[in-house]
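Residue strings, one per chain:
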Amino acid sequence: MNYDRQVIAYKNYFLDFYGELPDNVQAKIEWTLNLIRVTRQVPEKYFKHLEGTKGLYEIRVEVGSNIYRIFSFFDKGNLVVLGNAFQKKTQKTPKQELEKALKIMEEYLNENKK
């Protein structure tokens, strides 16, 4: 059974970050995004709703001891929109990254209102 979600990057927020990563990290991100595309119930280890937000999700990628986070949200049911991303250095998600993600989501939704 195929649970097709479409994954798109909104503007260059994610792509700029992605382009600077080493190949092995890019490969793991691709693997994770593909998992999100085709898995109905994506394990929280890889894809988690952020508590206290309206619809903001965090895509989680670990490569060795490095942890990467990609903020994302849904549009039109099965469209996953990628916003900003960052390398996580501490347990807590940096407040400015979270605020940026919320702004990006708002910007996207305002642009895509029909």
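Structure first, text after, so check above.
Residue numbers restart at each chain and count upward from 1, following the sequence in its written direction. Owing to the predicted nature of the model, reporting of local features is limited to residues with pLDDT of at least 70; listing and counting of side-chain atom pairs is limited to 80 or more, with chain, interface and lining totals taken over all residues. Side-chain measures were taken over the full set of non-hydrogen atoms in the model, leaving aside hydrogen atoms and water.

## Notes on helix H2 (residues 23-38)
Line of reasoning, step 1. Strands here mean DSSP runs of E at least two residues long; helices mean DSSP runs of H or I at least four residues long; both are numbered from the N terminus. Take the number of residues in a helix, subtract one, and multiply by 1.5 Å to get its expected span. With 16 residues, H2 extends 23 Å from end C-alpha to end C-alpha; this agrees with the ideal 22 Å at 1.5 Å per step.
Line of reasoning, step 2. Only protein chains enter the accessibility calculation, which uses a 1.4 Å probe; a residue whose area is less than 20% of its type maximum is buried, one above 50% is exposed, and one in between is partly exposed. When H2 is considered as a whole, its buried residues turn out to be Val 25, Gln 26, Ile 29, Thr 32, Leu 33, Leu 35 and Ile 36.

## Regarding the packing of aromatic side chains
Line of reasoning, step 1. Stacked, tilted and edge-to-face pairs are distinguished by plane angle, under 30 degrees for stacked and over 60 for edge-to-face with tilted covering the rest, among Phe, Tyr and Trp rings (Trp via its six-membered ring) whose centres lie within 6.5 Å. Evaluated as defined, the whole model comprises ten aromatic pairs.
Line of reasoning, step 2. The interplanar angle of 20 degrees and the centroid separation of 5.0 Å between the aromatic rings of Phe 47 and Tyr 57 together place this pair among those described as stacked. Here Tyr 57 lies in strand E3 (residues 56-63) and Phe 47 lies in strand E2 (residues 47-49), a separation of ten residues in the sequence.
Line of reasoning, step 3. Residue Phe 47 is classed as buried on the basis of its relative accessible area, which comes to 9%.

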